[in-house]
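Remarks on the overall topology
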Amino acid sequence: MPRFTVHVRDEWLTVPCKDATCSIKWLGFEALKRYIKNKPDNGGIQHIKDVHFGVKRCQGLGLLDNDDTIVDVLEDNDFVELAIEGDTMSQDFIPSQLGTSHLYLYIDNHHYISLDGNSLTSTDLVNLGKGLYKIKLTPEAEQKVVQSRELLDTIVKENKVVYGITTGFGKFARTVIPVSKLKELQENLLRSHSSGLGSPLSPERTRMLLALRINVLAKGHSGISLETLHSMIEAFNASCLSYVPEKGTVGASGDLAPLSHLALGLMGEGKMWSPKSGWADAKYVLEAHGLKPISLKPKEGLALINGTQMITSLGAEAVERAEAIAQQADIIAALTLEVLKGTTKAFDSDIHELRPHPGQKEVALRFRSLLDSDHHPSEIAESHRFCDRVQDAYTMRCCPQVHGIVNDTIEFVKKIINTEINSATDNPMMFAERGETISGGNFHGEYPAKALDYLAIGVHELASISERRIERLCNPSLSELPAFLVNEGGLNSGFMIAHCTAAALVSENKVLCHPSSIDSLSTSAATEDHVSMGGWAARKALRVVEHVEQVLAIELLAACQGIEFLRPLRTTTPLEKVYDLVRATVKPWIKDRFMAPDIEAVHRLLVDQKVWNIAGPYIEKYCMEYIPESRPSSPTAFALDPPPSPRKRVRLE
């Protein structure tokens, strides 16, 4: 018999349905009857037949027609919201939302990544966030988890005094807790520490957070039970995701507040989201997926929340998106150089061998591969071959130097993030082979915090130099093109304010690039007297990266518009392919129109790495055919997809 969970004001009600051909209106009245039955005053409803209501799916808030039959519009175990006419929406109902990230894609599939706590990468983690994979543990990881738990159970059985296991936390570390109260101790820890504020993390970011915590626990040094860890994996695989506010962590003793919210939902408390239910009470979401709330054993509450996983998971997304936009920034800048009739002499390999920074050499190589007239001739370049211009402005001539250090910065940060992804950040640590626990400070977030501040400072420069190129494209005294890249200037404003938008984003980035990790405030009664502020470092790094993507989207639009005024001349083959990609999405600017959707559409192309996917093969081919000895040592520098890992972690089942 199908059943449905209906939210009426402040309650969730399960309504069985013997006949699926009944109407949505019937379902609403059945829910109202159950609601009134539970209220001594009938919930203020005098005559149920006089009540007018609307019914919406919790997922996506799609409004249902009351005359539709249930079988046509709902699936078994669907969650719906009943809104009574004249009522305001219940305060504990959270509208389904995906946050500001562009990454979310939920696919119910059977591809798995086997976690062992040592081999996860930032690329893997972002793909887990997208819902591309489910999770399982390796047998070796399961064995380590069991051994660690056996040590912890021995400590409890022998009544040893160990921080966080048989004592309170922080300032209460010297307060010994009776064995009979240890379960309550762990539950109270999660409830009291769930004190974050702000908007919830989007589903993909919560998936990343949960996946990363599972990976850390799989190392076998946290004392988590295998039963609890399996429950976490089942919740992840069903995409049952806790309500995790984005604000509230100082980044030492780890990300206590967000990780507590993450664990609270797994306990069946607070709110949860799933693709099936939308936002609902956690216990109902778990029940709808056939899952039971976890029941905490000694130390398990602490094991779930000690660590830098919020900083690191958001940092993984930031560094992956930074790497993608840095690759595409070279392509966009090369297109701008073509439109502005710049010279390619500044990218000569001999120049860059004299200052052989890896990133600088890599960027110069990309420019040569895109602009080399012998490899794929440019009619635009040929048209000004014999002009008297000797050198270009820095924003074009110095791209290898400016973009280059961004590439090197990203590589540096990515190494730190990938190390942090596979690090045990708990306290105390369980060492089963030594038969002891050791308290330390691996939960301190200084490493990822400093790295992400550095990432923001580095990647911002891509937007800073891009905005100056946009100015050159829009300024007729610099570009030899129509003012603001539009005909009938005055009647049309063209790219005038798009450039202002880019300038505004660059200015905002300058403030966001102020490092948060240089701050520290003493917390927990001076027990935690130095903190990393890494949560803010990660969140603002993500915002900086998004602004960089948006500024470069404006430059790409402007460069493609500049091409229109150089026709019928054509640029090189790879850059023509990029132009075609943009024009398949956004039409040329003939006269003024609503511009924001154009910028958003091209931003989407960059987030999806479509510009790189179009031009990347030409870069790869150039490197293979012309200068194979110059191929970079990094295996992913020019590859569209990273090479497979030596150990096979992903498989189809």
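The shown structure was predicted, so the numbers you read here are calculated from the model rather than taken from an experiment. (Residues numbered from 1 in each chain as written. Predicted model: local features only at pLDDT ≥ 70, side-chain atom pairs only at ≥ 80, totals over all residues. Heavy atoms only, no water.)

**Observations regarding the nonpolar core**
One finds Leu304 and Leu556 to be the most contacted residues of the largest nonpolar core, which totals 158 residues. With residues near it in sequence (within four places) discarded, Leu556 still touches Ile332, Leu335, Val578, Val582, Val602, Leu606 and Val611. Listed in part, the 24 residues of the second largest apolar core include Val6, Ile24, Val51 and Val55. (Core = buried A, V, L, I, M, F, W, Y, C linked by side-chain atoms within 4.5 Å. Buried < 20%, exposed > 50% of the residue type's maximum accessible area, 1.4 Å probe, protein only. Contact = heavy atoms within 4.5 Å.)

**Some words on the domain arrangement of the chain**
Domain annotation for the chain reports domain 1 (3-84), domain 2 (112-306) and domain 3 (315-625). Centre-to-centre separation of domain 2 and domain 3, based on C-alpha positions: 36 Å. Taken together, the contact between domain 2 and domain 3 spans 43 residues of the former and 38 residues of the latter. Taken over both partners, the interface formed by domain 2 and domain 3 buries close to 3000 Å², and the fraction arising from carbon and sulfur atoms is 57%. Scanning the region where domain 2 abuts domain 3 turns up four salt bridges. Between Arg213 and Asp426 there is a salt bridge whose closest N-O contact spans 3.7 Å. Where domain 2 meets domain 3, there are 21 residue pairs in polar contact (both at pLDDT 80 or more). (Domains from an automatic or database assignment. Buried area = accessible area lost by both parts, 1.4 Å probe. Salt bridge = Lys/Arg side-chain N within 4 Å of Asp/Glu carboxyl O. Polar contact = N/O pair within 3.5 Å; in protein donor to acceptor, adjacent residues only side chain to side chain.)

**Brief notes about the pairing of strand 7 (residues 134-137)**
Looking at chain direction, strand 6 (residues 111-115) and strand 7 are connected through four bridges and run parallel. Counterpart to Ile113 in the pairing with strand 7 is Ile135. The handedness of the strand 6 to strand 7 crossover, carried by helix 3 (residues 122-129), is right-handed. (Pairing = 2+ DSSP bridges. Helix = DSSP H or I, 4+ residues; strand = E, 2+ residues; numbered from the N terminus. Right-handed = clockwise from strand over helix to strand, strands pointing away.)

**Observations regarding the sheet that holds strand 11 (residues 271-274)**
Read from one edge to the other, the open sheet built from three strands follows the order 9-11-12, with strand pairing classed as antiparallel. Every interior strand has two partners, whereas the edge strands, strand 9 (241-242) and strand 12 (278-281), have only one. In this structure, strand 11 lies alongside strand 12, joined through four bridges in antiparallel fashion. Within strand 12, the residue paired with Lys271 across the bridge is Asp281.

**A short note on the pattern of salt bridges**
Under the definition given, this model contains 33 salt bridges. Ionic pairing is found between Asp330 and Arg366, a salt bridge with its closest N-O pair at 2.8 Å. With Asp330 in helix 11 (residues 309-339) and Arg366 in helix 13 (residues 358-371), this residue pair connects regions lying 36 residues apart in the sequence. Of the two residues examined, Asp330 and Arg366, each falls in the buried class. Lys361 is the salt-bridge partner of Glu353, the closest N and O atoms lying 3.3 Å from each other. Accessibility expressed as a relative area gives 46% for Glu353, which makes it partly exposed. For Lys361, a relative accessible area of 31% gives the class partly exposed. Residues participating in the shared-partner salt-bridge network are Lys183, Glu187, Arg191 and Glu269.

**Remarks on helix 13**
The end-to-end C-alpha distance of helix 13 is 20 Å, a good match for the 20 Å that 14 residues give at a rise of 1.5 Å each. Burial runs high along helix 13: twelve of the 14 residues are buried. Structurally, helix 13 contributes buried residues whose contacts are with helix 11, helix 12 (349-353), helix 16 (399-421), helix 21 (573-583) and helix 23 (610-625). (Expected span 1.5 Å × (residues − 1).)

**A look at the packing of helix 6 (residues 203-217) against helix 7 (residues 226-237)**
Interhelical geometry of helix 6 versus helix 7 gives an angle of 155° and a closest axis separation of 10 Å. Between helix 6 and helix 7, the angle is such that the two are roughly antiparallel. Here helix 6 runs over helix 7; the crossing is left-handed. For the pair helix 6 and helix 7, the contacting residues are Arg207, Leu210, Ala211, Arg213, Ile214 and Leu217 in the first and Leu229, Met232, Ile233 and Phe236 in the second. Its residues assigned to classes, the contact of helix 6 with helix 7 comprises eight nonpolar, no polar and two charged. (Axes fitted to C-alpha atoms, helices over the stretch in contact; angles between N-to-C directions. Parallel < 35°, antiparallel > 145°, perpendicular 65-115°, else oblique. Left-handed = near helix turned anticlockwise from the far one by under 90°. Nonpolar A, V, L, I, M, F, W, Y, C, P; charged D, E, K, R; others polar.)

**Re the packing of aromatic side chains**
The final tally for this structure, using the stated rule, is six aromatic pairs. Taking the centre distance of 6.4 Å and the plane angle of 85° together, the rings of Tyr163 and Phe169 count as edge-to-face. Residue classification places Phe169 among the buried residues on the basis of a relative accessible area of 15%. With centroids separated by 5.4 Å and ring planes inclined at 65°, the aromatic side chains of Tyr243 and Trp279 adopt a geometry described as edge-to-face. Here Trp279 lies in strand 12 and Tyr243 lies in the loop between strand 9 and strand 10 (245-247), a separation of 36 residues in the sequence. Using a relative accessible area of 23% as the deciding quantity, one classes Tyr243 as partly exposed. Taking NZ or CZ as reference, Lys136 lies 5.1 Å from the ring centre of Tyr112, over its face. Sitting over the face of the ring of Phe431, Arg434 holds its NZ or CZ atom 5.6 Å from the ring centroid. (Phe/Tyr/Trp six-rings, centres within 6.5 Å; stacked < 30°, edge-to-face > 60°. Lys NZ or Arg CZ within 6 Å of the ring centre and 35° of its normal.)

**Considering the sheet that holds strand 3 (residues 53-57)**
A sheet is described by the order of its strands in space; here five strands give the open sequence 2-1-5-3-4, paired in mixed fashion. Because the sheet does not close on itself, it has two edges, and the strands there are strand 2 (11-16) and strand 4 (63-64). Note: strand 3 against strand 5 (residues 79-84), five bridges, orientation antiparallel. Bridge pairing links Gly54 to Ala83 in strand 5. Seen against the sheet, helix 1 (residues 24-37) touches strand 1 (3-8), strand 2, strand 3, strand 4 and strand 5 and runs at an angle of roughly 125° to strand 2.

**Topic: the side chain of Asp453**
Tracing the sequence through the fold places Asp453 in helix 17 (residues 446-474). Here Ser516 takes part through its backbone nitrogen, which lies 3.1 Å from a polar atom of the side chain of Asp453. At 3.1 Å, the side chain of Asp453 forms a polar contact with the side chain of Lys540. Here Asp453 is in contact with Pro515, Ser516, Ser517, Ala537 and Lys540, once residues within four sequence places are set aside.

**A short note on the confidence of the model for the chain**
Confidence in the prediction for the chain averages 89 pLDDT; 92% of positions are at 70 or higher. Contacts for the low-pLDDT stretch residues 88-105, under 50 throughout, to residues beyond four places or in other chains number 64 contacts. Scored below 50 in pLDDT, residues 630-653 makes 48 contacts in the model with residues more than four places away or belonging to other chains. (pLDDT = per-residue confidence, 0-100.)

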